[in-house]
2 protein chains.
Amino acid sequence: MRISTKGQYALQMMLDLAVNDNGEYITIKSIAKRQNLSEKYLEQIINMLSRAKYVKSTRGAKGGYRLTNSPDFYTVGMILRTIEGSLAPLSCIEDENECNQVERCLLCELWSEINDAINGVIDHVTLADLVRRYQDSVGYDYII
Amino acid sequence: MRISTKGQYALQMMLDLAVNDNGEYITIKSIAKRQNLSEKYLEQIINMLSRAKYVKSTRGAKGGYRLTNSPDFYTVGMILRTIEGSLAPLSCIEDENECNQVERCLLCELWSEINDAINGVIDHVTLADLVRRYQDSVGYDYII
DNA sequence: AATTTTTCCTATTGACATACTAGGAAAAAG
DNA sequence: CTTTTTCCTAGTATGTCAATAGGAAAAATT
């Protein structure tokens, strides 16, 4: 039941882009430095976010990334699912064919309840919420 | 974010033991047949439950397994954690050393909220609840 | 006493996922 | 034309998952 580092880093980058937005494009290099993460690995991850049109990019000098939309557009769920695929605890929740007896399967009911609980959090919290928490706590030396 | 087959099968076995309890020991063989699962694999899993004292066993002919306690003793969380370890979405939730800045880490707050949501379900639903759901729906040909 | 049935224990395997690293092509700016 | 940056693909080490396999120990039956 773990969220992968890719998922974590994706959120971390999106939050970094939101917090450090100054109208210019932000390089992977600077994000990697701030967050103390592998540049090459972050590249791969942000490419997935780029293909999902969650960030826009330009190449070359003065290039980098920016959020496509404002932070309140993105829920945590949108970002995590782009990277991790479904976050359902079992495939029978999302795939019709997996458990071909879902409607009369006791445990599928339980997995579904867990799934709803997770979604209740991640589809409710937005990037803007996280930014706000960050801003509210800057004086207290919060980190991402 | 998947629950492993071990976790699923563990719950399935515990529920099978609860539902089919008739005062005698129940063999792995019969559980495997009813649930259509690998006998040898279930053996390994139930051994973990046995070591946790969630089931008691006797060897030899007429041997098998029984629940140690009544079904309302066991929460789904107890059973799953015995098999899967912690169900926290990130290790920083349970290990002190993982993120050494938890108290000022924004994302750790988020992981913690997800963790609480999951626990809210699994620590609330008991094996007895599942048995009840099963009994209530026997006429409708429910499966485990 | 021998046989059968069952749990107990450990080792092995194949497939897949995870978390990266590496190298180079393409494009934009100066 | 040089530098900076994104874009794209391949490789790799490590670990986890989902089993399978084989046999020892114990309890009941014959």
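Scope of this entry: the structure provided in the associated data block.

So, how was this worked out
Residues numbered from 1 in each chain as written. Chains lettered and ligands numbered in written order. Predicted model: local features only at pLDDT ≥ 70, side-chain atom pairs only at ≥ 80, totals over all residues. Heavy atoms only, no water. Near = heavy atom within 4 Å. Polar contact = N/O pair within 3.5 Å; in protein donor to acceptor, adjacent residues only side chain to side chain. Helix = DSSP H or I, 4+ residues; strand = E, 2+ residues; numbered from the N terminus. Nonpolar A, V, L, I, M, F, W, Y, C, P; charged D, E, K, R; others polar. Axes fitted to C-alpha atoms, helices over the stretch in contact; angles between N-to-C directions. Parallel < 35°, antiparallel > 145°, perpendicular 65-115°, else oblique. Left-handed = near helix turned anticlockwise from the far one by under 90°. Contact = heavy atoms within 4.5 Å. Phe/Tyr/Trp six-rings, centres within 6.5 Å; stacked < 30°, edge-to-face > 60°. Buried < 20%, exposed > 50% of the residue type's maximum accessible area, 1.4 Å probe, protein only. Salt bridge = Lys/Arg side-chain N within 4 Å of Asp/Glu carboxyl O. Pairing = 2+ DSSP bridges.

**A word on the protein's contact with DNA strand C**
Residues in close proximity to DNA strand C total 23 residues, the closest being S38(A), K40(A), Q44(A), E43(B) and S57(B). Atoms of DNA strand C within 4 Å of the protein: sugar and phosphate make up 63%, bases the balance. One of the side-chain N or O atoms of S57(B) is found 2.4 Å from a phosphate oxygen in DNA strand C. Secondary structure elements with two or more residues in the surface near DNA strand C: α1 (5-19) and α3 (39-51) of chain A together with α3 (39-51), β1 (55-58) and β2 (64-67) of chain B. Considering every element that reaches the surface near DNA strand C, the biggest residue donor is α3(B), with four residues. For the surface near DNA strand C, the per-class residue count stands at six nonpolar, twelve polar and five charged.

**Description of the packing of helix α6 (residues 106-122) of chain A against helix α6 (residues 106-122) of chain B**
Relative orientation of the contacting elements α6(A) and α6(B) amounts to 155°, with a least axis distance of 9 Å. Compared by their axis directions, α6(A) and α6(B) come out roughly antiparallel. Along this stretch, α6(A) crosses α6(B), giving a crossing that reads as right-handed. For the pair α6(A) and α6(B), contact is made by L110(A), E113(A), I114(A), A117(A), I118(A), V121(A) and I122(A) and by L110(B), E113(B), I114(B), A117(B), I118(B), V121(B) and I122(B), respectively. Partitioning the contact of α6(A) with α6(B) into residue classes produces twelve nonpolar, no polar and two charged.

**Describing the packing of aromatic side chains**
According to the stated counting rule, one finds six aromatic pairs over all chains in the structure shown. With a centroid separation of 5.9 Å and an interplanar angle of 90°, the aromatic rings of Y9(A) and Y41(A) are classed as edge-to-face. Separated by 32 residues along the polypeptide, Y9(A) in helix α1 and Y41(A) in helix α3 bring together distant segments of the chain. You can call Y9(A) buried: its relative accessible area is 18%. Accessibility expressed as a relative area gives 27% for Y41(A), which makes it partly exposed. When the centroid spacing of 5.6 Å and the interplanar angle of 75° are considered together, the rings of Y54(B) and Y74(B) count as edge-to-face. Of this pair, Y54(B) sits in the loop between α3 and β1 while Y74(B) sits in the loop between β2 and α4 (76-84); the two residues are 20 residues apart in sequence, bridging distant segments of the chain.

**Observations regarding the pattern of salt bridges**
Side chains that differ in charge, positive against negative, can pair when their charged atoms come close. Under the counting rule described, the total for this entry stands at 14 salt bridges over all chains. In this structure, R81(A) engages D123(A) in a salt bridge whose closest nitrogen and oxygen atoms are separated by 3.0 Å. You can see R81(A) sitting in helix α4 (residues 76-84) and its partner D123(A) sitting in the loop between α6 and α7 (127-136), a full 42 residues away along the chain. Taking the relative accessible area as the measure of exposure, R81(A) reaches 29% and is therefore partly exposed. Taking the shortest distance from any N to any O, the salt bridge between E109(A) and R133(B) comes out at 3.4 Å. Of the two residues, E109(A) is situated in helix α6 and R133(B) in helix α7 (residues 127-136); the pairing between them involves two chains. On the basis of relative accessibility, which here comes to 29%, the residue E109(A) falls in the partly exposed class.

**Observations concerning the protein's contact with DNA strand D**
The immediate surroundings of DNA strand D are formed by 24 residues, with E43(A), S57(A), K40(B), Q44(B) and R59(B) found nearest. Restricting attention to atoms of DNA strand D within 4 Å of the protein, one finds that 65% of them are sugar or phosphate atoms. At 3.3 Å from a phosphate oxygen of DNA strand D is found a side-chain nitrogen or oxygen belonging to Y9(B). Separating a sugar or linking oxygen of DNA strand D from a side-chain N or O atom of R59(B) is a distance of 2.8 Å. Among the elements of the structure, α3, β1 (55-58) and β2 (64-67) of chain A together with α1 (5-19) and α3 of chain B are those that each provide at least two residues to the surface near DNA strand D. The greatest single-element share of the surface near DNA strand D, amounting to four residues, is contributed by α3(A).

**Focus: the pairing of β2(A)**
Residue and element names in this part refer to chain A. As paired strands, β1 and β2 are joined by four bridges and run antiparallel to one another. Across the sheet, residue S57 finds its bridge partner in β2, namely Y65. The turn linking β1 back onto β2 is made up of five residues, and G60 within it adopts a positive phi angle of 80°.

**Observations concerning the packing of α1(A) against α3(A)**
Residue and element names in this part refer to chain A. Close contact between α1 and α3 brings their axes to 10 Å; oriented N to C, the two are set at 75°. On the basis of their axis angle, the class for α1 and α3 is roughly perpendicular. When α1 is examined against α3, the residues T5, K6, Y9, A10, M13, M14 and L17 are found in contact with a partner set consisting of Y41, L42, I45, I46 and L49. In terms of residue class, the contact of α1 with α3 is built from ten nonpolar, one polar and one charged.

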